[in-house]
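For reference, the chains in residue letters:
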Amino acid sequence: MNIIYHFRKFFDGNQRTVLLKKNIIGSVILKGISMIISFFIVPITINFVNPTQYGIWLTLSSLMSWFYFFDIGLTHGFRNRFAEAKANDDIKLARIYVSTTYATLFLLCILMWIIVLPVNSIINWSEILNIDSGYREELGKVFMIMILFLGLSIVSQVFSTLVIADQRPVMASLIQVLGQTMAFVTIYILVNTIHDGNLLYLAFIFSGVPVIVLIIASIALFRSKYRIYRPSINLIRFQYVKNILGIGSKFFIITTSMLFIFQLMNVIISRILGPETVTEYNIAYKYFNLLFMLAIIILNPFWSAFTDAYTRKDYDWMRKMFQRLEYLWLISIPVIIVMFFIAPWFYKLWLGNAVEVSFATNISVAVYTVFLMLANVYMYLINGIGKVQIQLIIYLSFALIAYPLMNLCCRLWGIPGILLIPTLVYIFQAILGRIQLIKILKANTSGIWDK
């Protein structure tokens, strides 16, 4: 009886808080499944190809992130505008945002294919990544497959953004896990039938399968649960793009700047230290990222919840949630310390002797993860409110100096050196983000703090 009482007590609170708790619990379960699949898929993939090819794949995958700039910030802007329309019970406006975002992204992706695919045919990817020239032809085909599926992913992600803006991120997580599961099953079958894999297989499996699952799921749900928000050609209003991009353009600059800072890391490491070191770094990152993924599970529902609360001027609720999230970050520090000390044992259990991760790599990734989580506490809440000018300045400023600094630091100190730059970015973001959020929640903002 006592357990039942506490279980019911946990779901007490206003509707927004209860929905948050349900989403967090559901997302934790699904993310747990996702993590298990993710960890099993790494050794299988490394054995399917080899550590060098896997490092090349990781580097190419990080390069793909650059092409998300064709989104021009529309999905982030759409997330906030849809949540605002829903909070104001304006279903027609919400459908206009859905229809217009789909149409605009579809046109942008066609433009991306027209520009990128011809250029790909003349690029020497082996020279860019500083790897064996024997990979040149294969890498060109791999890149073509990845860019085609990436375009479909950019468009189809509108549905995932919609359900997150509807404060139901657990549904988006379920679709993601289904896609990940199908990719895992596919590569497992190939490992036990073909044995000798190549990068083309990886491109089809990891780029294509999740996108296909998402497209099927979105069509099915637009015919049922989300029928009232289904897109329609008759509701496309390109004049609303300006409204979506009002905040979306800032998100676009922030996202593009973050690409310069974070997604260049694999390329720099590959060129200076070799593809094998890319694998070493990504193994450590994937391990410590377990805790960050848990943090994102908790933070993700708060973005749209803060949009809803700020629209309704519910400052008391926002202050209470802000304090609780800071306490949770403090709890994460001893967890990171424990993870650091058991890391060698975990790698041995996970990968055997396939990959060696150094002490310096472990400690630098651990420190980076601590500040990554802290900065995201403030970023997610501020993103929901929509006052992101300070973030824009921070990321744009660092983006202008990131490449030469990371190049130099990587040559001098290896992986710890290159991680120094993004760690500093998150420290700045955490300090200024906290100051701004406190001002907003006290309704005491002006100037740049209110933009």
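Position numbers for residues start from 1 in each chain and track the written sequence from start to end. Local features in this predicted model are restricted to residues of pLDDT 70 or higher, and side-chain atom pairs are both shown and tallied only at a pLDDT of 80 or more, whereas totals for entire chains, interfaces and linings draw on every residue. In computing side-chain properties, one takes all heavy atoms of the structure into account and sets aside hydrogens as well as water.

### Describing the overall build of the protein
The numbering of helices and of strands both runs from the N terminus, where a helix is a DSSP run of H or I of at least 4 residues and a strand a run of E of at least 2. Of the regular secondary structure elements, the protein holds 14 helices and zero strands. It is over C-alpha atoms that the radius of gyration is taken, and the globule rule equals 2.2 Å times the number of residues to the power 0.38. The globule rule puts the C-alpha radius of gyration for 451 residues at 22 Å, and the 22 Å found for the protein is close to it. When its C-alpha atoms are laid out on the principal axes, the protein stretches across 60 × 55 × 50 Å. Relative accessibility under 20% of the residue-type maximum defines a buried residue, over 50% an exposed one, and the middle range a partly exposed one, all with a 1.4 Å probe and only protein chains included. The proportion of buried residues among the 451 residues of the protein is 56%. Contacts were defined at the residue level, with two residues in contact if any of their heavy atoms lie within 4.5 Å. For the protein, the share of sequence-separated contacts (at least 6 apart) that also reach a separation of at least 24 residues comes to 84%. When the accessible area of the protein is evaluated, it comes to approximately 20400 Å², of which 66% is carbon and sulfur surface. For the charge count, each Lys or Arg is scored as positive and each Asp or Glu as negative, with His and the chain ends excluded. For charged residues, the charge sits on one atom: NZ in Lys, CZ in Arg, CG in Asp, CD in Glu. Distance between charge centroids for the protein: 11 Å, based on 35 positive and 19 negative side chains. Reported accessibility uses the Shrake-Rupley method at a 1.4 Å probe radius. Residues are deemed covered only where the shown protein chains occlude them.

### With respect to helix H12 (residues 315-351)
At Ile342, H12 shows its strongest bend, of approximately 55 degrees, with the proline Pro344 following within four residues. The positive-phi residue at the C-terminal boundary of H12 is Gly352, with phi of around 65 degrees. Two axes enter the bend calculation: one fitted to the seven residues ending at the residue in question, the other to the seven starting there, and the bend is the angle between them.

### Here's the deal with the packing of aromatic side chains
When the centres of two rings from Phe, Tyr and Trp lie within 6.5 Å, Trp using its six-membered ring, the rings pair. Their planes under 30 degrees apart give stacked, over 60 give edge-to-face, and anything left gives tilted. Overall, the coordinates contain 23 aromatic pairs when judged by the stated rule. Ring geometry for Phe184 versus Tyr188: centroids 6.3 Å apart, planes at 25 degrees, classification stacked. Of the two residues, Phe184 and Tyr188 both sit in helix H8 (residues 169-191), four residues apart, roughly one turn of that helix. A connected cluster of aromatic rings, assembled from ring pairs, spans Phe78, Phe82, Tyr102, Phe159, Phe222, Tyr226 and Tyr229. Two conditions define a charge sitting above a ring: the NZ of Lys or the CZ of Arg must be within 6 Å of the ring centre, and it must be within 35 degrees of the ring normal. In this structure, Lys313 packs its charged tip against the face of Tyr310, placed 4.7 Å from the ring centre.

### Describing helix H14 (residues 389-441)
Working rule for helices: expected span equals 1.5 Å times residues minus one. Given a rise of 1.5 Å per residue, 53 residues ought to cover 78 Å, yet the end C-alpha atoms of H14 are separated by just 17 Å, more than 12% below that figure. Where H14 bends most, at Trp413, the angle is about 150 degrees, and the proline Pro416 comes one to four residues later. Positioned one or two residues after H14, Ala443 has a phi angle of 55 degrees, which is positive.

### A word on the pattern of salt bridges
The working definition used for a salt bridge is a side-chain nitrogen of Lys or Arg within 4 Å of a carboxyl oxygen of Asp or Glu. Evaluation of the coordinates by the stated rule reveals seven salt bridges. Note that Arg319 is salt-bridged to Asp316, the shortest N-O span being 2.6 Å. Note that Arg319 and Asp316 are positioned in helix H12 at a spacing of three residues, about one turn of the helix. You can call Arg319 partly exposed: its relative accessible area is 30%.

### Comments concerning unusual backbone geometry
Trans is the common state for peptide bonds, and a negative phi is the common state for residues other than glycine. The backbone of Asp89 shows a phi angle near 55 degrees, a positive value even though the residue is not glycine. For Asp89, the position within the fold is in the loop between helix H4 (74-87) and helix H5 (91-120). A relative accessible area of 66% places Asp89 in the exposed class. Residues other than glycine seldom take positive phi values, yet Gln167 does so here, at roughly 60 degrees. Relative to the helices and strands, Gln167 resides in the loop between helix H7 (136-165) and H8.

### Quick look at the packing of helix H2 (residues 15-48) against helix H11 (residues 275-311)
Relative orientation and spacing of two packed helices are given, respectively, by the angle between their axes and the distance between those axes. Axis geometry follows a simple rule: fit a line to the C-alpha atoms, using only the stretch in contact for helices, then measure angles between N-to-C directions, giving values from 0 to 180 degrees. Taken N-terminus to C-terminus, the directions of H2 and H11 make an angle of 155 degrees; their axes are 10 Å apart at the nearest point. In terms of their interaxial angle, H2 and H11 are classed as roughly antiparallel. For the pair H2 and H11, the sense of crossing is right-handed. Taken together, the residues of the contact of H2 with H11 sort by class into 17 nonpolar, three polar and four charged. Just so you know how the angles are binned, under 35 degrees is roughly parallel, over 145 roughly antiparallel, 65 to 115 roughly perpendicular, and the rest oblique. Put simply, a crossing is left-handed when the front helix is turned counterclockwise from the back one by less than a right angle, and right-handed when it is turned clockwise. The classification used treats Ala, Val, Leu, Ile, Met, Phe, Trp, Tyr, Cys and Pro as nonpolar, Asp, Glu, Lys and Arg as charged, and all other residues, Gly among them, as polar.

### Here we look at the layout of surface pockets
Only protein atoms enter the 1 Å grid used here. Points where a 1.4 Å probe fits but cannot escape make up a cavity, open sets with protein on both sides within 12 Å along at least five of seven lines make up a pocket, and a residue lines them when an atom lies within 4 Å of a point. Grid points are joined across faces, edges and corners, and a volume is the space filled by probe spheres set on the points. Size it by volume and the largest pocket reaches roughly 310 Å³. Residue assignment for the lining of the largest pocket shows that the elements contributing at least two residues are H2 and H4. For the lining of the largest pocket, the class distribution of residues is four nonpolar, three polar and eight charged.

### Some thoughts on the confidence of the model for the protein
Along the chain, pLDDT gives the predictor's confidence residue by residue, from 0 to 100. Averaged over all residues, the pLDDT of the protein equals 84, while 93% of them reach at least 70. When mean pLDDT is taken per element in the protein, helix H13 (residues 359-385) scores highest with 93 and helix H1 (residues 2-10) scores lowest with 42.

### A closer look at the environment of Leu139
Looking at the element boundaries, Leu139 is found in helix H7. Leu139 gets classed as buried once you look at its relative accessible area, which sits at 0%. Linking Leu139 and Thr361, residues 222 residues apart in sequence, is a C-alpha distance of 28 Å. With sequence-adjacent residues up to four places away left out, Leu139 is seen in contact with Ile56, Leu60, Trp125, Ser126, Leu129, Ile131 and Leu199.

### Points about the side chain of Thr101
Mapped onto the elements, Thr101 comes out in helix H5. By relative accessible area, which is 0% here, Thr101 ends up buried. In this structure, Thr101 is in contact with Phe78, Val158 and Ile244, ignoring residues within four places of it in sequence.

### Section: the packing of H7 against H8
Across the interface, H7 lies against H8 with an axial gap of 6 Å and an inter-helix angle of 150 degrees. Contacts between H7 and H8 involve Phe159, Ser160, Val163 and Ile164 on the former and, on the latter, Pro169, Met171, Ala172 and Ile175. Class assignment of the residues belonging to the contact of H7 with H8 gives a composition of seven nonpolar, one polar and no charged.

### Focus: the environment of Met406
Summarising the element assignment, Met406 is placed in helix H14. Here the alpha-carbon distance between Met406 and Ile261, two residues 145 residues apart in the chain, equals 8.5 Å. The contacts of Met406, once residues within four sequence positions are left out, are Phe260, Ile261, Leu264, Met265, Ile268, Ile418, Ile421 and Pro422.

### Focus on a nonpolar patch on the surface
A residue counts toward a patch only above 30% relative accessible area and without a salt bridge, and it is joined to like-charged neighbours within 9 Å or, for Val, Leu, Ile, Met, Phe, Trp and Tyr, to nonpolar neighbours within 5 Å. A contiguous nonpolar surface patch, about 680 Å² in accessible area, is contributed by Ile337, Val338, Phe341, Ile342, Trp345 and Leu349. Looking at Trp345, the relative accessible area reads 56%, which means it is exposed.

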